[in-house]
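Structural characterization, general
Residue-level listing of the chains:
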Amino acid sequence: WGKLTPEGEKHFTAYCREFAAAIAAEYADVSVHYYEILWEPDLSFNGDPADLVTFFRLAYPAIHAADAKAVVIGPSFSTIGLGTLALTRKMFDAGLGRYLDAYAIHPYLEEPPEARNLIGLMRELKRIVREGAGRDLPLIGTEFSHSDEGGPAEIERRHAEMYVRQNLITLGEGFVLNLSFYNQDCGNTISNRGYYYNLDLKRAYGPDKVGPKPQA
């Protein structure tokens, strides 16, 4: 993740055009094709908000030219909080609203969502998007979860309730989608965030055997 060079801008534009054309052909029977530009750039990007907007400025026309069903979304910040709301405002100030069909974010938030002011944060996000884009944009959550230590039934139930409550709040505040991370436990650093236990310890991803947690 870094600022594109002039040569990099040419290659990124060509990549977006070719990729969108391939998606349009392969998934012609799907009514909407979502293209998520960037993924949690607040964690690793070496640049400023205007540099991030450059990715959208290049991707938006290239993707739409190649795919009539395209919906360009982003920037998919890693959490919903005051810091990412401030970054969102700066990106809109740098012109993001001209290159976005829907706003995407990873609405991670420590539990419980009510005490962490999830409703207030989402309403502030909607205000920033409306003012920055000059219109209301659809809102999409493309990754969220709560850490689940597993074990006692009361812990499993508490985490299940957190998933349900956060989804109810998110959808109640007008999000079109709110997608969870991850299907099953996997890896080391994210081993306890799945909807299912991984019952095949030799395969961190895509195991043949899983067991549902209450939130499933």
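See the structure printed just above.
Residues numbered from 1 in each chain as written. Predicted model: local features only at pLDDT ≥ 70, side-chain atom pairs only at ≥ 80, totals over all residues. Heavy atoms only, no water.

All right, on to the overall build of the protein chain then. Regarding its fold elements, the protein chain presents 5 helices and 7 strands. Traced from its N-terminal end to its C-terminal end, the protein chain shows the element sequence α-β-α-β-α-β-α-β-α-β-β-β. At 19 Å, the protein chain has a C-alpha radius of gyration in line with the 17 Å of a compact globule built from 216 residues. In the protein chain, buried positions account for 45% of the 216 residues. (Helix = DSSP H or I, 4+ residues; strand = E, 2+ residues; numbered from the N terminus. Rg over C-alpha atoms; globule rule 2.2 N^0.38 Å. Buried < 20%, exposed > 50% of the residue type's maximum accessible area, 1.4 Å probe, protein only.)

Our next topic: the sheet that holds strand β4 (residues 139–141). The pairing of strands in a sheet comes from backbone hydrogen bonds and takes either a parallel or an antiparallel form. The strand order across the open sheet formed by 5 strands is β1-β2-β3-β4-β5, and the pairing between neighbours is parallel. If you trace the sheet from one side to the other, it starts and ends with β1 (33–36) and β5 (177–178), each paired once. As paired strands, strand β2 (residues 70–77) and strand β3 (residues 102–105) are joined by 4 bridges and run parallel to one another. Bridging across to β3, Pro-75 finds its partner in Ala-104. The sheet strands contacting helix α2 (residues 49–66) are β1 and β2, and the helix crosses β2 at an angle near 155 degrees. (Pairing = 2+ DSSP bridges. Contact = heavy atoms within 4.5 Å. Axes fitted to C-alpha atoms, helices over the stretch in contact; angles between N-to-C directions.)

Let's shift gears to α2. Between its first and last C-alpha atoms α2 spans 26 Å; for 18 residues at 1.5 Å apiece the expected length is 26 Å, and the two agree. At Ala-59, α2 shows its largest kink, close to 25 degrees, and the proline Pro-61 lies no more than four residues downstream. Among all positions in α2, only Pro-49, Asp-51, Leu-52, Val-53, Thr-54, Phe-55, Phe-56, Leu-58, Ala-59, Ala-62 and Ile-63 are buried. Tucked into the core, α2 has its buried residues touching α1 (6–26), β1, β2 and α3 (82–93). Between the side-chain oxygen of the N-cap and the backbone nitrogen of Ala-50 there are 3.0 Å, and the N-cap of α2 in question is Asp-48. (Expected span 1.5 Å × (residues − 1). Bend = angle between axes of the 7 residues up to and from the residue. Polar contact = N/O pair within 3.5 Å; in protein donor to acceptor, adjacent residues only side chain to side chain.)

Quick look at helix α4 (residues 118–133) now. Compared with the 22 Å implied by 1.5 Å per residue over 16 residues, the 22 Å span of α4 between its first and last C-alpha is a close match. Within α4, the full set of buried residues consists of Leu-118, Leu-121, Met-122, Leu-125, Ile-128, Val-129 and Ala-133. Along the axis of α4, the buried residues cluster in a sector spanning 120 degrees; they form a single face. The inward-facing, buried residues of α4 contact α3, β3, β4 and α5 (153–172). (Arc of directions from axis to C-beta.)

This brings us to the pattern of salt bridges. Within this structure, the stated rule accounts for 13 salt bridges. Where Glu-173 meets Arg-123, a salt bridge forms, and the shortest distance between an N and an O atom there is 3.0 Å. Of this pair, Glu-173 sits in the loop between α5 and β5 while Arg-123 is found in helix α4, placing the two residues 50 residues apart along the sequence. (Salt bridge = Lys/Arg side-chain N within 4 Å of Asp/Glu carboxyl O.)

A separate point is the packing of α2 against α3. It is at 9 Å that the axes of α2 and α3 come closest, and there the two elements cross at 65 degrees. As for how α2 packs across α3, the hand of that crossing is right-handed. The residues of α3 that touch α2, namely those facing Pro-49, Leu-52, Val-53 and Phe-56, are Leu-87, Lys-90 and Met-91. Split into classes, the residues belonging to the contact of α2 with α3 amount to 6 nonpolar, no polar and 1 charged. (Left-handed = near helix turned anticlockwise from the far one by under 90°. Nonpolar A, V, L, I, M, F, W, Y, C, P; charged D, E, K, R; others polar.)

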